[in-house]
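Here are the chains, one letter per residue:
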Amino acid sequence: MIIDGKIVSKKIMEDIKERLKNGPKIMVAAIAYKEDKESIVYFNSIKRNAEKAGIGFNLLEIEGKDLIEKINELNDDSSVTGIIVGRPFPPGITNEIVSLALNPDKDIDCVTPHNLGLLNFNINSIAPATPKATIDILEQNGISLKGKNVLVINRSVTVGRPLVNLLLNRDATVTIAHSKTSNMEKMIEDNDIIILAVGKAGYLKSSSIKGKKIIVDVGINVVGDRIVGDFENDAQREDIDYTPVPGGVGSVTSAEILKNALDIVNL
Ligand code: NAP
């Protein structure tokens, strides 16, 4: 079975429109440095969805050296309710610098230590968009996480680490793997759900998998003129349920950012 993200995204967007009725004005500022073409494409697609839903969305293309100054300016601008910063960051700017510069009350991608800390404590808060999309795509397709053995192949601050918290908060048993993990085949065999965010096309092929599995494919890879994930159903296995790329986690992520833009102002 293909686990569809578009239905999940549509439902989140419908909820957003409903919540926005009579609510305060939401204004998101997205910052991308001019050379970061991927973030600009990504933010433009979020902007289209935001505007359809009635959320203000201002895409600011800046010189990389101006990033922190721009974040400080937007932190102080009372008309801006949410801020998101494109990545990778400009040369010389690290994840830590950006995370510490952002006002947590406007941090709609949940990158600040404050918001990630709330998630760690399982205190009701927002969550980073991609990990949250990974959870929602499963739960809203009727796949419960309680008691499941889940293998996450990624330990990045943006995907794997917050995902572990979201999974533990739902009573899953979690294993986290990365490039130095040994015996990956056995780990894949031992887990019910495999979450892939490796960034390598064809990293996991259905022909190499033993038994029934659920695969959530977070990977995005450009191969020629196509976008593909990390999973390839080369053996046309029908006993493997998986999220497609495109049309899977990525299609839910932008809706989650907009949902966070409402949640952060308690709308
Ligand atoms: P990242 O920081 O490069 O993380 C990649 C992870 O994969 C790391 O933990 C790395 O291990 C691990 N890895 C690399 N090669 C491996 C191997 N051969 N075996 C096992 N693990 C391996 O990238 P990221 O920002 O987290 O993004 C990961 C993927 O998700 C990318 O394809 C990205 O485009 C995609 N993504 C998708 C969305 C979406 O909305 N769908 C959003 C964000 C990212 P080490 O830690 O040991 O290096």
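Residues numbered from 1 in each chain as written. Predicted model: local features only at pLDDT ≥ 70, side-chain atom pairs only at ≥ 80, totals over all residues. Heavy atoms only, no water.

Glancing now at the overall build of the protein chain. What the protein chain contains, in helices and strands, is 9 helices and 12 strands. The globule rule puts the C-alpha radius of gyration for 267 residues at 18 Å, and the 18 Å found for the protein chain is close to it. Within the span of the protein chain, comprising 267 residues, buried residues form 50% of the whole. Sequence separation of 24 or more characterises 70% of the internal contacts of the protein chain that already satisfy a separation of 6 or more. About 13000 Å² of surface is accessible on the protein chain, with carbon and sulfur atoms providing 51% of the total. With 32 positive and 36 negative side-chain charges, the protein chain shows a spacing of 2 Å between the two charge centroids. (Helix = DSSP H or I, 4+ residues; strand = E, 2+ residues; numbered from the N terminus. Rg over C-alpha atoms; globule rule 2.2 N^0.38 Å. Buried < 20%, exposed > 50% of the residue type's maximum accessible area, 1.4 Å probe, protein only. Contact = heavy atoms within 4.5 Å. Areas by Shrake-Rupley, 256 points an atom, 1.4 Å probe, with all protein chains shown as cover. Lys, Arg positive; Asp, Glu negative; His and termini not counted. Charge placed at Lys NZ, Arg CZ, Asp CG, Glu CD.)

Before going further, it helps to examine the pattern of salt bridges. Pairing between side chains becomes possible if they bear opposite charge and their charged atoms approach one another. Within the structure shown, the criterion is met by 15 salt bridges. A salt bridge links E189 to K210, with the shortest nitrogen-to-oxygen separation between them at 3.7 Å. Taken together, the residues span a long stretch of sequence, with E189 in helix α8 (residues 184-190) and K210 in the loop between β7 (204-205) and β8 (213-217) at a distance of 21 residues. Between R237 and D239 there is a salt bridge, with its nearest N and O atoms 2.7 Å apart. (Salt bridge = Lys/Arg side-chain N within 4 Å of Asp/Glu carboxyl O.)

Further remarks concern the side chain of T243. Mapped onto the fold, T243 is located in the loop between β12 (240-242) and α9 (249-263). There is a polar contact of 2.8 Å between the side chain of T243 and the backbone nitrogen of D217. Apart from the residues lying within four places of it in its own chain, the contact partners of T243 are I3, I137, I215, V216, D217, G248 and V249. (Polar contact = N/O pair within 3.5 Å; in protein donor to acceptor, adjacent residues only side chain to side chain.)

Our next topic: the nonpolar core. Counting residues in hydrophobic clusters, the biggest one holds 53 residues, and the most contacted among them are I16, I55, L167, I193 and I195. The greatest single-element share of this core, amounting to 7 residues, is contributed by α9. Each of domain 1 (21-104) and domain 2 (129-251) gives at least three residues to this core. Once residues lying within four places of it in the same chain are set aside, the contact partners of I195 are T134, V150, L151, V152, I153, L163, L167, V216 and V218. Counting residues in each nonpolar core, the second largest holds 17 residues, with I31, L60, L74 and V98 among its members. (Core = buried A, V, L, I, M, F, W, Y, C linked by side-chain atoms within 4.5 Å. Domains from an automatic or database assignment.)

With that settled, the discussion passes to the site of the ligand. Around the ligand there are 21 residues in total, and N154, R155, S156, S179 and T253 lie nearest to it. With respect to the ligand, the side chain of S179 contributes an N or O atom lying 2.5 Å from an oxygen atom. Y203 is positioned with one of its side-chain polar atoms (N or O) 3.2 Å from a nitrogen atom of the ligand. Taken by itself the ligand offers 920 Å² of open surface, and the protein chains cover 69% of this. Examining the composition of the shell around the ligand, we find that 3 residues originate from one element, α9, more than from any other. In terms of residue class, the shell around the ligand is built from 9 nonpolar, 10 polar and 2 charged. (Near = heavy atom within 4 Å. Nonpolar A, V, L, I, M, F, W, Y, C, P; charged D, E, K, R; others polar.)

With parallel pairing, 3 strands are arranged side by side in an open sheet as β2-β1-β3. Edge positions in the open sheet fall to β2 (56-62) and β3 (82-85), since each of these has one partner strand only. Strand-to-strand, the axes of this sheet are offset by a mean angle of 20°, without reference to chain direction. Pairing of strand β1 (residues 27-33) with β2, which is carried by 7 bridges, proceeds in the parallel orientation. Its bridge partner being in β2, A29 is matched across the sheet by N58. (Pairing = 2+ DSSP bridges. Axes fitted to C-alpha atoms, helices over the stretch in contact; angles between N-to-C directions.)

For the rest of this paragraph, the subject is the packing of helix α1 (residues 6-20) against helix α2 (residues 37-53). Taken N-terminus to C-terminus, the directions of α1 and α2 make an angle of 45°; their axes are 9 Å apart at the nearest point. When the axis of α1 is compared with that of α2, the two are oblique. Along the contact surface, α1 presents M13, I16, K17 and L20, while α2 presents N49, K52 and A53. Along the lines of polarity and charge, the residues of the contact of α1 with α2 split into 4 nonpolar, 1 polar and 2 charged. (Parallel < 35°, antiparallel > 145°, perpendicular 65-115°, else oblique.)

Looking now at the environment of G86. Relative to the helices and strands, G86 is located in the loop between β3 and α4 (95-101). G86 gets classed as buried once you look at its relative accessible area, which sits at 6%. A sequence separation of 59 residues divides G86 from M27, and the C-alpha atoms of the two residues are 17 Å apart. In contact with G86, not counting residues within four places along its chain, are I31, D36, S39 and F43.

Within the secondary structure, K200 is located in the loop between β6 (193-196) and β7. On the accessibility criterion, K200 (52% relative accessible area) is exposed. Distance from K200 to F57, taken between C-alpha atoms, is 32 Å for residues 143 residues apart in sequence. K200 has contacts with N221, G229 and D230, leaving out every residue within four places of it along the chain.

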